Amino acid sequence: MFKKKILFLVLAAAILAPSCLYAASADKAKDDPVKKQEQAKAAPAAPEKEEDIYKQLELFSDALTLVRAEYVDSVKSKELIYGALKGMVQSLDKYSEFMDPETYAEMKVETEGEFGGVGIEIAVKDDLLTVIAPIEDTPAYKAGVKAGDRIVKIDKEITRGITLIEAVKKLRGKAGTTVAITVLREDESKVLDFDITRDIIKVKSVRNVKILEDKIGYIKLSVFQERSAKDLEDALVELEKKGMDSLILDLRNDPGGLLNVAADVAGKFLPTGEMIVYTKGRDNRQSMEFRARDKNPRTEMPMVVLVDQGSASASEIVAGAMQDLKRAVIVGVKSFGKGSVQTVIPLSDGSALRLTTSKYYTPSGRSIHGQGITPDLVVVREQLKKDDSDGKKKPEEVFEKLEQSKDEKPAVKKEDYDNQLQSAVDVIKTIKIYKSFSAKK
């Protein structure tokens, strides 16, 4: 009945790639204290008795029959079944969902790398629709939408209680059409209105490849797609030809992507065979290890990885591995904290389930889910008054604030002094000085 399962990391607004499943067979997790502890925590509950399940299905059947017979309007059975499925899967967690055939087809179109929209990655965080990150050079990015913005209205409709899939549908649309969004920017205590003209979103994973100063290379990785590891390798070769001897890998506002691609990216800088990330689910088939497999990794050059509150999912896998294995200094502010794996399972009528099937862990056994990666050197962007994690408000308080506040027009986004990047440069220079002293000794 089910078609082939496809493994994903959710990109919140569904920039996914179902055609890419990590094909290499996974090694069995070795017995170690950390994993044994995780296994103990995840011990499965006693299975339900079959007769209990049938009783609950009877209850559902009775309710379905009553609705069809007694509800004021005639309702098609398929609509009722779809509604029930959506509610059932939505009750599991904020990343799992039931997709009707139309939604599933749209999701597959997005994986081709082009779709109509505004260019933001979103998630439901603290029960509020939240921007994970704007994608660079998209309408939302140019308009000034920022990571951490709480979307409280879409086309003047309050988003209280909105699901992720409903929000994505409202934000997507044909290029040239306009969508109005209102955001609460908590760190500035402002409510801002944006009128954004949709465009074809073409997601390029590698951007801004350049030499900064003192032979320090800089690469901005904006998303983890199928070609990201290959594009990163091309960028590294280009910079090496220009004399690069150290690297700043910028993962700020990178909402993540494919799990195997995250492992391939990290593996470019780690010794072959080194553990990068492992996943653990209730089903043993969902438990896998991902190890560095690059034949010629760059293990010696000084490195800094930049992260912020818009760095999520695959970005956190890379940052977490580099931090655990002491391969790079992590600079910036605490990352988003998205550490679960979703599997998309197509159903017989063209619909599909996206289910959270496992969580991933850094080499030392840390779970990132809900925690994020705390940098080795915390540096807040100068234009931000405080970290996104400070001063959290309950959803009711947010919408009360919205009703009391006057909408403001956002300032046009301007390029400004990047103190986080400058801190990364300073760290690289310090490492080089230390290495030169060590070499003399």
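See above for the structure.
Let me sum up the structure you'll find in this document.

**Quick look at the overall build of the protein**
- If you tally the helices and strands in the protein, you get 11 helices and 20 strands.
- Put simply, the protein has 441 residues, and 50% of those count as buried.
- For the protein, restricting intrachain contacts to residue pairs at least 6 apart in sequence, the fraction spanning at least 24 positions comes to 73%.
- Of the roughly 22,000 Å² of accessible surface on the protein, a fraction of 51% belongs to carbon and sulfur atoms.

**Points about the environment of Gly-350**
- Within the secondary structure, Gly-350 is located in the loop between β18 (340-346) and β19 (352-361).
- For Gly-350 and Thr-103, which are 247 residues apart along the polypeptide, the C-alpha to C-alpha distance reads 9.7 Å.
- Leave out the neighbours within four places in its chain, and Gly-350 touches Pro-101 and Tyr-104.

**Focus on the packing of aromatic side chains**
- The final tally for this structure, using the stated rule, is two aromatic pairs.
- Residues Tyr-278 and Tyr-361 carry aromatic rings whose centres are separated by 5.3 Å and whose planes lie at 20 degrees to one another, so their mutual orientation is stacked. Placement of Tyr-278 in strand β14 (residues 275-280) and of Tyr-361 in strand β19 is noted, with a sequence separation of 83 residues between them.
- Of the residues examined, Tyr-278 reaches a relative accessible area of 2% and is grouped as buried.
- For Lys-125, the ring lying beneath its charged end belongs to Phe-336, and the centroid distance is 4.4 Å.

**Some points on the pattern of salt bridges**
- Applying the stated rule across the entire model yields 27 salt bridges.
- Measuring nitrogen to oxygen at the nearest pair gives 3.7 Å for the salt bridge that ties Asp-100 to Lys-169. With Asp-100 in the loop between β2 (97-99) and α4 (101-110) and Lys-169 in helix α6 (residues 164-171), this pair connects stretches of sequence that are 69 residues apart.
- For the salt bridge of Asp-214 with Lys-432, the shortest nitrogen-to-oxygen distance reads 3.7 Å. In this pair, Asp-214 is assigned in the loop between β11 (206-211) and β12 (216-221) and Lys-432 in helix α11 (residues 419-440), connecting sequence segments 218 residues apart.

**Details of the pairing of strand β4 (residues 120-125)**
- Of all six residues in β4, six are buried, a share of seventy percent or more.
- The two faces of β4 match: Ile-120, Ile-122 and Val-124 on one face and Glu-121, Ala-123 and Lys-125 on the other face are all buried.
- Strand direction decides the pairing type here: β4 and strand β5 (residues 128-134), joined by six bridges, are antiparallel. Along β5, the bridge assignment pairs Lys-125 with Leu-128.
- Hairpin remark: β4 followed by β5, antiparallel, with two residues in the connecting loop; positive phi at Asp-126, about 55 degrees.

Conventions adopted
- Residues numbered from 1 in each chain as written.
- Predicted model: local features only at pLDDT ≥ 70, side-chain atom pairs only at ≥ 80, totals over all residues.
- Heavy atoms only, no water.
- Helix = DSSP H or I, 4+ residues; strand = E, 2+ residues; numbered from the N terminus.
- Buried < 20%, exposed > 50% of the residue type's maximum accessible area, 1.4 Å probe, protein only.
- Contact = heavy atoms within 4.5 Å.
- Areas by Shrake-Rupley, 256 points an atom, 1.4 Å probe, with all protein chains shown as cover.
- Phe/Tyr/Trp six-rings, centres within 6.5 Å; stacked < 30°, edge-to-face > 60°.
- Lys NZ or Arg CZ within 6 Å of the ring centre and 35° of its normal.
- Salt bridge = Lys/Arg side-chain N within 4 Å of Asp/Glu carboxyl O.
- Pairing = 2+ DSSP bridges.

None of the figures reported here should be taken as evidence of function without further support.
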